[in-house]
Amino acid sequence: MNARLNLMENPTAGKIMKHLFSAGKVILDSPLPAATQHLVMLRASQINGCAVCVDMHTKEASHAGETPARLNLVAAWREAPVFSDAERAALELTEQGTRVADAAGGVTDEAWANAAEHYDEDQLAALVSLIAFINAANRLNIIVRQPVGDYQPGRLG
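Residues numbered from 1 in each chain as written. Predicted model: local features only at pLDDT ≥ 70, side-chain atom pairs only at ≥ 80, totals over all residues. Heavy atoms only, no water.

**Student:** Honestly, the overall build of the chain in this entry has me stumped. Any pointers?
**Tutor:** Tallying secondary structure elements over the chain gives 7 helices and 0 strands in all. A compact globule built from 157 residues should have a C-alpha radius of gyration of about 15 Å, and the chain, at 15 Å, falls within 12% of that. Considering only C-alpha atoms, the chain reaches an extent of 45 × 30 × 30 Å along its principal axes. With 157 residues in all, the chain has 39% of them scored as buried. (Helix = DSSP H or I, 4+ residues; strand = E, 2+ residues; numbered from the N terminus. Rg over C-alpha atoms; globule rule 2.2 N^0.38 Å. Buried < 20%, exposed > 50% of the residue type's maximum accessible area, 1.4 Å probe, protein only.)

**Student:** For this particular structure, what's the right way to read the environment of Asn135?
**Tutor:** Within the secondary structure layout, Asn135 lies in helix α7 (residues 121-144). With relative accessibility at 8%, the residue Asn135 sits in the buried group. Residues in contact with Asn135, not counting those within four places in the same chain, are Ala44, Asn48 and Thr98. A distance of 2.7 Å separates a polar side-chain atom of Asn135 from the backbone oxygen of Ile131. (Contact = heavy atoms within 4.5 Å. Polar contact = N/O pair within 3.5 Å; in protein donor to acceptor, adjacent residues only side chain to side chain.)

**Student:** How should the pattern of salt bridges be read in this particular structure?
**Tutor:** Should the charged atoms of two oppositely charged side chains come close, the side chains can pair. A complete count under the given rule lists 7 salt bridges for this structure. When the shortest N-O distance is used, the salt bridge between Glu95 and Arg43 registers 2.8 Å. One end of the pair, Glu95, is in helix α5 (residues 85-98); the other, Arg43, is in helix α2 (residues 34-48), with 52 residues separating them in the sequence. According to the relative accessible area criterion, Arg43 is buried, its value standing at 8%. If you follow the salt bridges from partner to partner, you end up with Arg43, Arg78, Glu95 and Arg99 in one network. (Salt bridge = Lys/Arg side-chain N within 4 Å of Asp/Glu carboxyl O.)

**Student:** What exactly am I supposed to notice about a nonpolar patch on the surface here?
**Tutor:** On the surface, Val107, Trp112 and Val128 cluster together into a nonpolar patch covering about 230 Å² of accessible area. Along the chain, the position of Val107 falls in the loop between α5 and α6 (109-118). When its relative accessible area of 32% is taken as the criterion, Val107 is described as partly exposed. (Patch = residues over 30% accessible without salt bridge, like charges linked within 9 Å, V, L, I, M, F, W, Y side chains within 5 Å. Areas by Shrake-Rupley, 256 points an atom, 1.4 Å probe, with all protein chains shown as cover.)

**Student:** What's the story with the environment of Ser45 in this structure? I'm lost.
**Tutor:** Here Ser45 lies in helix α2. When near neighbours in sequence (up to four residues on either side) are disregarded, Ser45 contacts Cys50, Cys53, Val54, His57, Ile134 and Asn138. Of the polar contacts made by the side chain of Ser45, one reaches the backbone oxygen of Met41; its length is 2.7 Å.

**Student:** Would you take a moment to explain the side chain of His57 for this structure?
**Tutor:** By the element assignment, His57 lies in helix α3 (residues 51-63). Excluding its chain neighbours within four sequence positions, the residues that come into contact with His57 are Met41, Leu42, Ser45 and Ile134.

**Student:** What's the story with unusual backbone geometry in this structure? I'm lost.
**Tutor:** Of all residues except glycine, most have a negative phi; of all peptide bonds, most are trans. Located in the positive-phi region is Arg145, a residue other than glycine, with phi close to 55 degrees. Tracing the chain through its elements places Arg145 in the segment after α7.

**Student:** Quick question: what am I supposed to make of the state of the cysteines here?
**Tutor:** Here, disulfide denotes a covalent bond that connects the sulfur atoms of two cysteines. Under the definition given, this model contains 0 disulfides. The thiol of Cys50 is unpaired, and the distance to the nearest cysteine sulfur, on Cys53, comes to 3.2 Å. (Disulfide = S-S within 2.5 Å.)

**Student:** Can you walk me through the nonpolar core in this structure?
**Tutor:** The tendency in soluble globular proteins is for nonpolar side chains to be buried as a group. Ranked by size, the top nonpolar core spans 19 residues in total, and within it Leu32, Val40, Tyr119, Leu127 and Leu130 carry the most contacts. For this core, the secondary-structure elements that each account for two or more residues are α2, α5 and α7. When residues in this core are grouped by element, the largest group, 8 residues, is from α7. Residues Leu39, Ala80, Phe83 and Leu91 belong to the second largest nonpolar core, which totals 9 residues. (Core = buried A, V, L, I, M, F, W, Y, C linked by side-chain atoms within 4.5 Å.)

**Student:** What is the right way to read the packing of α2 against α7 from this model?
**Tutor:** When two helices pack together, their arrangement is given by the angle between their axes and by how far apart the axes lie. Relative orientation of the contacting elements α2 and α7 amounts to 40 degrees, with a least axis distance of 9 Å. As the angle between them shows, α2 and α7 are arranged oblique. Here α2 runs over α7; the crossing is right-handed. Residue-level contacts link Gln37, Val40, Met41, Ala44, Ser45 and Asn48 of α2 to Leu127, Leu130, Ile131, Ile134, Asn135, Asn138, Arg139 and Ile142 of α7. Looking at the contact of α2 with α7, its residues break down into 8 nonpolar, 5 polar and 1 charged. (Axes fitted to C-alpha atoms, helices over the stretch in contact; angles between N-to-C directions. Parallel < 35°, antiparallel > 145°, perpendicular 65-115°, else oblique. Left-handed = near helix turned anticlockwise from the far one by under 90°. Nonpolar A, V, L, I, M, F, W, Y, C, P; charged D, E, K, R; others polar.)

Printed below as a string of structure tokens:
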């Protein structure tokens, strides 16, 4: 399968992607723990059904030392004892921030307060931005039908 549009080679899309990657770099370099970032990107991508992002973020997380058990249990994080309370708070915020169309109230005050107990203001800024960023990336890849399977860790980061 070929992508409907090459986001890197099209002049307009290429400019947009350059700016998105720059914003993404700020998030990656933020004080939000790298393990949390990987979990958040993987969970949002699972929810959105973005195969290319699930492939990419699973490979990146594994390459960074994440265990297969934790990666395999991200979709069932509520029942899995392998995640810290802080990671659970981030995953909860990710789910609510990704499923805003499913919940009339958006992100609950409880989910926000839970995340705020575990992350400082800079980390929260990075977390919220990461949730928005990965949702945008998921949608771009789904819309253009970005081919999946050949991603190599470190290619985009």
